[in-house]
Amino acid sequence: MPNPARPTKLERREAARERARAAMAAQKKRELRQKLLVRSGILVGIVAFVAVVALVIVTGIKPAGPGPRNMASDGIVIGKGLVAERTAALDAGQEPTPTKTPSTDKVAHIRLYSDFLCPNCGAFEQQNGSYIKGLVKSGGATIEYHPIAILDRASMGTDYSTRAANAAAAVANYSPDSYFAFNEALFAAQPAENSEGLSDARLKSIAGDVTGIDNLKSIEKAIDDREFAGWVADATSRAGDNAMQGSDLKKFVGTPTVIVNGKAWDGTKLTFTEFVTVAISDTTKN
C-alpha cells in the first residue's frame, strides 16, 4: 500500500496551533502545582514552554523573514578557539538542518537551549560557563547555542526574551566569532525575571563592549529593528522537535535543555562535568 501523504507545512503549523491552545488551559492548572527541583544550588526548572509557544504561534511577533547566517540548525556552533562554524541563512519557513553529533572523536558536542531571562539558564552559565569555555577553546568540545524566547510574558510587556535572542542572532549573523563572548556578557548582566529586562540601548552597549566585535553598526541596527524577531518566534516554536531530534530527550519542557552527544542531562544524578565525561566515554565506545 502507498505511504500516506506527509502533512504540509501549513497543516503541521495549524496542528501545532491547536495543540498549543489546548495546552494553555491545562498549563494554568499545572503551574499551581509545579515545583522546581534543586540540586547543588542549581534549579532544574520546568517553565511553561507549551503555553508560551502558543502565544508565539497565535499572536505572531513579526512577519517571518530570513534567519541569521551561521545558525542553519537554529543554533550557532562554536568550536576550537571559540570560532563559529559558518552556514548560510535559513529562508523564511525553511526547516533547520540538524548538526551532526560526533561519533568517534573524543569530543563532546553540547547543545544548549536557553532563554536569556531564564534564571535557571543563568545559574547553569554561572556554574558551568568557565568549564565549557576551557573545553571549547582547547578543542575538547563544540557548543551549539540555541537562543529561544519563552519568557516574554515575564518581562512586563517589553518582550525581553525575544529582544535578547534577536540581539544574539544579530551577533551570530554579523560577528559570529564574537557570539561566545556576547552570550557570556548577556548572562553576566542578566536581569531578574518579572522585570522589564535590559533596554535595547543596554543590549547595544553590551555588544559594543565585546572585544573584537565586527560590524557593530549593523548589529545595533538589527537590535533597533528587531531584524530577526520573526526567526526567534519560528525557532522557539520548533525548539521541542529540534531538541528531540538526534537525542534521547523524550519531552522538551523548558530551559535550560542540555544535550551532550545526543544524551540529555537532567541534573539529578551527575554534575554537568561528570555527565560530559560519561557522554564522551560512551561515544568513543560505540
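This text goes with the structure placed above it.
Below or above, wherever it landed, is the structure these notes cover. (Residues numbered from 1 in each chain as written. Predicted model: local features only at pLDDT ≥ 70, side-chain atom pairs only at ≥ 80, totals over all residues. Heavy atoms only, no water.)

## Considerations on the pattern of salt bridges
Inference 1: In total, this model carries 6 salt bridges according to the counting rule given.
Inference 2: R163 is paired through a salt bridge with D200; the nearest N and O atoms lie 2.7 Å apart. Of this pair, R163 sits in helix α4 (residues 160-174) while D200 sits in helix α6 (residues 200-209), placing them 37 residues apart in sequence.
Inference 3: Residue class for R163 comes out buried when judged on its relative accessible area of 5%.
Inference 4: Between D225 and K221 there is a salt bridge, with its nearest N and O atoms 2.6 Å apart. With D225 and K221 both in helix α7 (residues 216-225) and 4 residues apart, the pair spans about one turn of that helix.
Inference 5: Judged by relative accessible area, which is 39%, D225 ranks as partly exposed.
Inference 6: For K221, a relative accessible area of 53% translates into the label exposed. (Salt bridge = Lys/Arg side-chain N within 4 Å of Asp/Glu carboxyl O. Helix = DSSP H or I, 4+ residues; strand = E, 2+ residues; numbered from the N terminus. Buried < 20%, exposed > 50% of the residue type's maximum accessible area, 1.4 Å probe, protein only.)

## Concerning the nonpolar core
Inference 1: In this structure, I78, I143, Y179, F182, V260 and F272 are the most contacted members of the largest nonpolar core, which totals 68 residues.
Inference 2: The element that contributes the greatest number of residues to this core is α4, accounting for 10 residues.
Inference 3: The residues contacting Y179, other than those within four sequence positions of it, are I76, I78, F116, Y145, P147, A168, V171 and A172. (Core = buried A, V, L, I, M, F, W, Y, C linked by side-chain atoms within 4.5 Å. Contact = heavy atoms within 4.5 Å.)

## So, unusual backbone geometry
Inference 1: A cis amide bond links T255 to the next residue, P256, at an omega of -5°.
Inference 2: In this fold, P256 is placed in the loop between α9 (239-244) and β7 (257-260).
Inference 3: Although it is not a glycine, N70 sits at a positive phi angle of roughly 70°.
Inference 4: Along the polypeptide, N70 turns up in the loop between α2 (49-59) and β3 (76-79).
Inference 5: A positive phi is found at D159, a non-glycine position, where the angle reads about 55°.
Inference 6: With respect to the helices, strands and loops of the structure, D159 is situated in the loop between β6 (141-147) and α4.
Inference 7: For D159, a relative accessible area of 28% puts it in the partly exposed group.

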